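So the chains spell out like this:
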Amino acid sequence: MAGTVPLRGRRPKAAVPAAAVNESSAVKWLLIGAAGLVLLWLIVLPLSIVLTEALKQGWNVYWAALKDPDAASALRMTLLVAGISVPLNTIFGVAAAWAIAKFKFRGKGMLITLIDLPFAVSPVIGGLVYVLVFGAHGWFGPWLDAHDIKIVFAVPGIVLATMFVTFPFVARELIPLMEDQGTQEEEAALTLGAKGWQIFFRVTLPNIKWGLLYGIILCNARAMGEFGAVSVVSGHIRGETNTLPLHVEILYNEYQFSASFAVASLLLLLALVTMLIKSWLQRKSSH
C-alpha cells in the first residue's frame, strides 16, 4: 500500500501455542510438588519429630537434659574440636586451592584426587586408620605410650579424625572459584613489584572472601555433626571424649529418649544457625 514503510530487520514473534504453555506450566508445578513432598518427607518431618520428642515431657525435662554435666562436656568437646580442625582445614584448603588453581606442576591430578578422597571413603574407615597408626598396638603406639602421649581416645585423635572428614570442604569450594578468576590480576600485581603475601592479601583474598567464608561454614557444620570417624577414635569416654552426636547415641541406647532428643535439638539449632549464616553470605555475595 502507498504510504506504508516496510519493516526491515524485524521478524514477527512466533506465537507460542497455548497447549505448550499449559504443558510447561504443568511440568513445572509437578516438579515443584514432587521436590516439596520429598523435602517434607525426608527433612521437615524428621526435624519436626526431633523437636516434638524433645519437648514431649515438658520444659523442665528438656532443660535438665541440656544442663546435665555430660551434655555440657559434650558441647565443650564439640566446640573445641571444631575450633581446632576448622582453622587448620582453612589454612590447608586455601594453600591447596592456590597451588592447584594458580600453578602448573606434576602430580596436580593426584593432589585433587587425595583432596576428594574423604568424600568417597567411609568416615569409619578414616577413624580406623588413625587407630591402626596411633593406637596402642598401632605403628607408633609403643613409642607414644613410652613418651606418655595420647592420640587415640583423646582430643588429638578426635581432631585428626574430624580433619580427615572435613578437609575437602574449603579446598573444593575455592578451587573452581580461583580457576575461573585466572592469574591475570596476580601477574599484574607481580609486575608492579608486589610480593607473595602482598599479592595474596590484597588481590587473591578479596576475590575469594565469600567463597572462603562459605567453605568455612560448611566445614564447621560437618565438623560439629561428625559421628562415624569420631566414634572410632574417641573411646566413648563419658564426660571426657564424647561429642554431642556421641552423647545423643549414648542417651538413646540407654532409653533416655527425651534427653537424647533434647541434645539432638541443640545440634539442630547449631545447624540452623549455620544455614542462616550461609544464606546471608549467599545474598551478600550475589549483590
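Conventions and cut-offs
Residues numbered from 1 in each chain as written. Predicted model: local features only at pLDDT ≥ 70, side-chain atom pairs only at ≥ 80, totals over all residues. Heavy atoms only, no water. UniProt positions renumbered as here; feature names shortened; annotations may be inferred. Helix = DSSP H or I, 4+ residues; strand = E, 2+ residues; numbered from the N terminus. Contact = heavy atoms within 4.5 Å. Salt bridge = Lys/Arg side-chain N within 4 Å of Asp/Glu carboxyl O. pLDDT = per-residue confidence, 0-100.

- As recorded in an unreviewed UniProt entry, the chain goes by Sulfate transport system permease protein CysW and comes from Paenibacillus durus.
- UniProt annotates the chain under Subunit (unreviewed entry) with the comment "The complex is composed of two ATP-binding proteins (CysA), two transmembrane proteins (CysT and CysW) and a solute-binding protein (CysP)."

1. Focus: the side chain of Thr204
- You can see Thr204 is positioned in helix H10 (residues 196-225).
- When neighbours within four sequence positions are excluded, Thr204 is seen to be in contact with Trp98, Met178, Glu186 and Ile199.

2. A short note on the pattern of salt bridges
- Applying the stated criterion to the full structure yields four salt bridges.
- Notably, a salt bridge pairs Arg172 with Asp116, separated by 2.8 Å at the nearest N-O pair. Of this pair, Arg172 sits in helix H8 (residues 168-181) while Asp116 is found in helix H4 (residues 108-120), placing the two residues 56 residues apart along the sequence.
- Connected via shared salt-bridge partners are Asp70, Arg238 and Glu254.

3. With respect to the UniProt feature "domain: ABC transmembrane type-1" (unreviewed entry) in the chain
- According to UniProt, the "domain: ABC transmembrane type-1" (unreviewed entry) feature falls on residues 75-278.
- Measuring from the first to the last C-alpha atom of residues 75-278 gives 22 Å, for a span that is 79% helix and 0% strand.

4. Quick look at the confidence of the model for the chain
- When pLDDT is averaged across the chain, the result is 84; 91% of the residues are at 70 or more.
- In the model of the chain, helix H9 (residues 184-191) stands out as the element of lowest mean pLDDT, 79, in contrast to helix H7 (residues 155-166), which has the highest, 93.

5. Comments concerning the UniProt feature "transmembrane region" (unreviewed entry) in the chain
- In the numbering used here, UniProt assigns the feature "transmembrane region" (unreviewed entry) to residues 29-51, 71-99, 111-139, 151-171, 212-237 and 257-277.
- Here residues 71-99 is 100% helix and 0% strand, with 41 Å between the C-alpha atoms at its ends.
- Secondary structure content for residues 151-171 is 76% helix and 0% strand, and the end C-alpha separation is 26 Å.

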